[in-house]
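One letter stands for each residue in the lines below.
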Amino acid sequence: MALNVFAFYNGLNEHSKGYPYLKSYGNIINQLELFQVAIQNDGTLLGQPSRRLINEAHVMGIKVLLTVSNLTSQGLFSTALLGRLVRDQDFANLVWQNIKNLLVEYQYDGVNLDLEKADPLDRPLFSQLIQTWSTLFQKASFLVTIDVPGKSSSEPLSIWEGSFDYQAIGLAVDEVILMTYEEHWPGGPPGSIASLPWVTEILKYALATIPPQKISMGIPLYGYDWPEIGVAKAISYPQAIGLALRYGVPLLWDVIQHSMYFSYEVMGVRHTVYFEDPRSLKDKLDLAASMGLRSVALWEMHLSYPLAWEVLRPYVSRS
């Protein structure tokens, strides 16, 4: 079964690094999530979309959704803001109306909700907010998608995953985008950011709790470079290849995690790099197809590279 392709576009205008890929490979993209507009503490929205970008995507036959988040100016997800949204009905109505006005003004096809780090104890209230907003947006003829952390069980007390009730949310929205990445993260030990066994377990749980036609599997297009001491830095596939070549170290394949990795040393500090490459991308596409998923979601376009799109092309529903 052919897959639909959703792609996260980091930026609201045509000056993003992902723009050339949109121009070159837009014919295999079904849906574009423009990341991001942020909800402010007073209920207004921060971020100015580009009409030209939206119009160009529409001409290519791509649906365009606005990603709305609770990210602060420091790049952190605000638990306090979500706490107010789930308790203050007037405030939630104001924010919903502001989002709807933006969708109408710029002729978006829908909204992508990236609301993360709600208090796990607010799980029922958070689900109720998503249900209410989804009903309102859908009545106004807008698609509603939501990004959810990947998990393989309910995990009601987890800081990141606890507030997300897959079943309740899955019934409310049109599409659930699983963030099947960050298995290993900058502050933790080295490893694949989305090993195949880990992703498989998340998909099994999702398929048991969410209508299958609504599930989109997130596919990362990046990796991390971990120093022995300190926090890892994100790295793209071309950057990783260039780094290995610069230090003359071999590229290795982790047969368990299904991920490429290598190690190098600079100024006496040993580094370990795990990154996604065309081979791991194909493995994930094969997994999505074999489990009967409707779509995959690329995170993110500006980290992509031409070969990734060519690997993707045979799997897609448009060309």
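If you're wondering where the values come from, they're calculated on a predicted model, not measured in any experiment. (Residues numbered from 1 in each chain as written. Predicted model: local features only at pLDDT ≥ 70, side-chain atom pairs only at ≥ 80, totals over all residues. Heavy atoms only, no water.)

Participant: Please clarify how the environment of G11 should be interpreted in this entry.
Facilitator: You can see G11 is positioned in the loop between β1 (4-10) and α1 (19-25). Judged by its relative accessible area of 16%, G11 is buried. In this structure, the C-alpha to C-alpha distance between G11 and L251, residues 240 residues apart in sequence, is 32 Å. Apart from the residues lying within four places of it in its own chain, the contact partners of G11 are L34 and F35. (Helix = DSSP H or I, 4+ residues; strand = E, 2+ residues; numbered from the N terminus. Buried < 20%, exposed > 50% of the residue type's maximum accessible area, 1.4 Å probe, protein only. Contact = heavy atoms within 4.5 Å.)

Participant: I would appreciate a short explanation of the environment of L34 in the present structure.
Facilitator: In this structure, L34 sits in strand β2 (residues 31-39). Relative accessible area serves as the criterion here: at 0%, L34 is assigned to the buried category. For the pair L34 and N112, spaced 78 residues apart in the sequence, the C-alpha separation amounts to 8.6 Å. Residues in contact with L34, not counting those within four places in the same chain, are Y9, G11, L12, L53, I54, V64, L65, L66, T67 and Y108.

Participant: Help me understand the sheet that holds strand β9 (residues 222-227) in this model?
Facilitator: The pairing of strands in a sheet happens through backbone hydrogen bonds and is either parallel or antiparallel. Pairing in this open sheet of five strands is antiparallel, and the strands run β10-β9-β13-β12-β11 from one edge to the other. The open sheet is flanked by β10 (233-236) and β11 (252-254), the only strands paired with a single partner. The sheet shows a mean angle of 30 degrees between the axes of neighbouring strands, direction not considered. (Pairing = 2+ DSSP bridges. Axes fitted to C-alpha atoms, helices over the stretch in contact; angles between N-to-C directions.)

Participant: Honestly, the packing of aromatic side chains in this entry has me stumped. Any pointers?
Facilitator: Within a pair of aromatic rings, the relevant descriptors are the distance that separates the centres and the angle that separates the planes. This structure, assessed with the given rule, holds 16 aromatic pairs. Ring geometry for F8 against W299: centres 5.2 Å apart, planes inclined by 65 degrees, an arrangement best described as edge-to-face. On the criterion of sequence distance, the pair formed by F8 in strand β1 and W299 in strand β14 (residues 295-299) is long-range, its members being 291 residues apart. One exposure class covers both F8 and W299, and it is buried. Ring geometry for Y222 against Y224: centres 5.6 Å apart, planes inclined by 80 degrees, an arrangement best described as edge-to-face. In this pair, the class of Y222 matches that of Y224, namely buried. (Phe/Tyr/Trp six-rings, centres within 6.5 Å; stacked < 30°, edge-to-face > 60°.)

Participant: Looking at this structure, how should I read the side chain of S50?
Facilitator: Within the secondary structure, S50 sits in the loop between β3 (45-46) and α2 (51-59). Taking the relative accessible area as the measure of exposure, S50 reaches 10% and is therefore buried. Within the local environment of S50, its side chain forms a polar contact with the backbone nitrogen of R52, the two atoms lying 3.3 Å apart. Other than its neighbours up to four places away in sequence, S50 contacts L12, N13 and E14. (Polar contact = N/O pair within 3.5 Å; in protein donor to acceptor, adjacent residues only side chain to side chain.)

Participant: Can you help me understand the UniProt feature "domain: GH18" (unreviewed entry) in the chain in this one?
Facilitator: UniProt annotation of "domain: GH18" (unreviewed entry) refers to residues 3-318 when read in the numbering used here. Along residues 3-318 the backbone is 35% helical and 26% strand, and the end-to-end C-alpha distance reaches 9 Å. (UniProt positions renumbered as here; feature names shortened; annotations may be inferred.)

Participant: Even after reading the chapter, I still don't get unusual backbone geometry, so can you show me in this structure?
Facilitator: When glycine is set aside, most residues are seen to have a negative phi, and most peptide bonds are trans. With an omega dihedral of 5 degrees, the bond running from F35 to Q36 counts as a cis peptide bond. Turning to its location among the elements, Q36 is positioned in strand β2. Phi is positive for Q107, which is not a glycine, with a value near 60 degrees. Within the fold, Q107 resides in the loop between α4 (89-105) and β5 (110-114). Q107 gets classed as exposed once you look at its relative accessible area, which sits at 53%. Phi is positive for K117, which is not a glycine, with a value near 70 degrees. Within the fold, K117 resides in the loop between β5 and α5 (123-139).

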